[in-house]
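Architecture at a glance
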Amino acid sequence: MKNYLEYKGYIGTVEFSAEDNCLFGKVIGINDLISFEAQEVSELKEVFEEAVNDCLESCKELGKQPSKTFR
């Protein structure tokens, strides 16, 4: 069992907030801050992928190289 998400070479954390009653995470190993949250696990995976895609699209529009994950 893994407790992280992977998409297009990016890795996202998976955490739970009892106070806010939601799941949340952030993309790790890059210079940019990309965070996401959801109410259900399946939704968390979707919003993680949307966040990565949005970041990549923004970089493309700005002519900026997207952050690569650290190895």
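Residues numbered from 1 in each chain as written. Predicted model: local features only at pLDDT ≥ 70, side-chain atom pairs only at ≥ 80, totals over all residues. Heavy atoms only, no water.

1. Quick look at the overall build of the chain
Selection criterion: In DSSP terms, a helix is any run of H or I states spanning at least four residues, a strand is any run of E spanning at least two, and both are numbered starting from the N terminus. For every residue, the accessible area (1.4 Å probe, protein chains only) is compared with the maximum for its type, and the residue is labelled buried under 20%, exposed over 50%, or partly exposed between those bounds. We call two residues in contact whenever any of their non-hydrogen atoms come within 4.5 Å of each other. Here the Shrake-Rupley method, with its probe set to 1.4 Å, supplies the accessible areas, and only the displayed protein chains count as covering residues. Residues scored as charged are limited to Lys and Arg (positive) and Asp and Glu (negative), so that His and the chain ends carry no count. Taken as the charge location is NZ of Lys, CZ of Arg, CG of Asp or CD of Glu.
Summing up its helical and strand segments, the chain has one helix and five strands in all. In sequence order, the secondary structure elements of the chain are arranged as β-β-β-β-β-α. When the backbone C-alpha atoms are referred to their principal axes, the chain occupies close to 40 × 25 × 20 Å. When the 71 residues of the chain are sorted by exposure, 32% land in the buried category. Counted over contacts in the chain with a minimum sequence separation of 6, partners at least 24 positions apart contribute 35%. Total accessible area on the chain is roughly 5,300 Å²; 49% of this is exposed by carbon and sulfur atoms. Computed over 8 positive and 14 negative side-chain charges, the inter-centroid distance for the chain is 12 Å.

2. Notes on a negative patch on the surface
Threshold: Here the term patch refers to residues with relative accessible area over 30% and no salt bridge, with like charges joined within 9 Å and nonpolar side chains (Val, Leu, Ile, Met, Phe, Trp, Tyr) within 5 Å. One speaks of a salt bridge when a side-chain nitrogen belonging to Lys or Arg is within 4 Å of a carboxyl oxygen belonging to Asp or Glu.
On the surface, Glu-40, Glu-43, Glu-46, Glu-50, Asp-54, Glu-57 and Glu-61 cluster together to form a negatively charged patch. Structurally, the position occupied by Glu-43 is in helix α1 (residues 41-62). Glu-43 gets classed as partly exposed once you look at its relative accessible area, which sits at 33%.

3. Comments concerning the nonpolar core
Side chains of nonpolar character tend, in soluble globular proteins, to be buried together. Keep this limit in mind: The nonpolar core is taken to be a set of buried Ala, Val, Leu, Ile, Met, Phe, Trp, Tyr and Cys residues, with the residues joined through side-chain atoms within 4.5 Å.
Within the largest apolar cluster, 16 residues are counted, with the highest numbers of intra-cluster contacts made by Val-27, Ile-34, Phe-36, Leu-44, Phe-48 and Val-52. Elements with a minimum of two residues in this core: β1 (4-7), β4 (22-28), β5 (35-38) and α1. Among all residues touching Phe-48, those that are not within four sequence positions of it are Leu-5, Glu-6, Tyr-7, Tyr-10, Ile-11, Gly-12, Val-27 and Phe-36.

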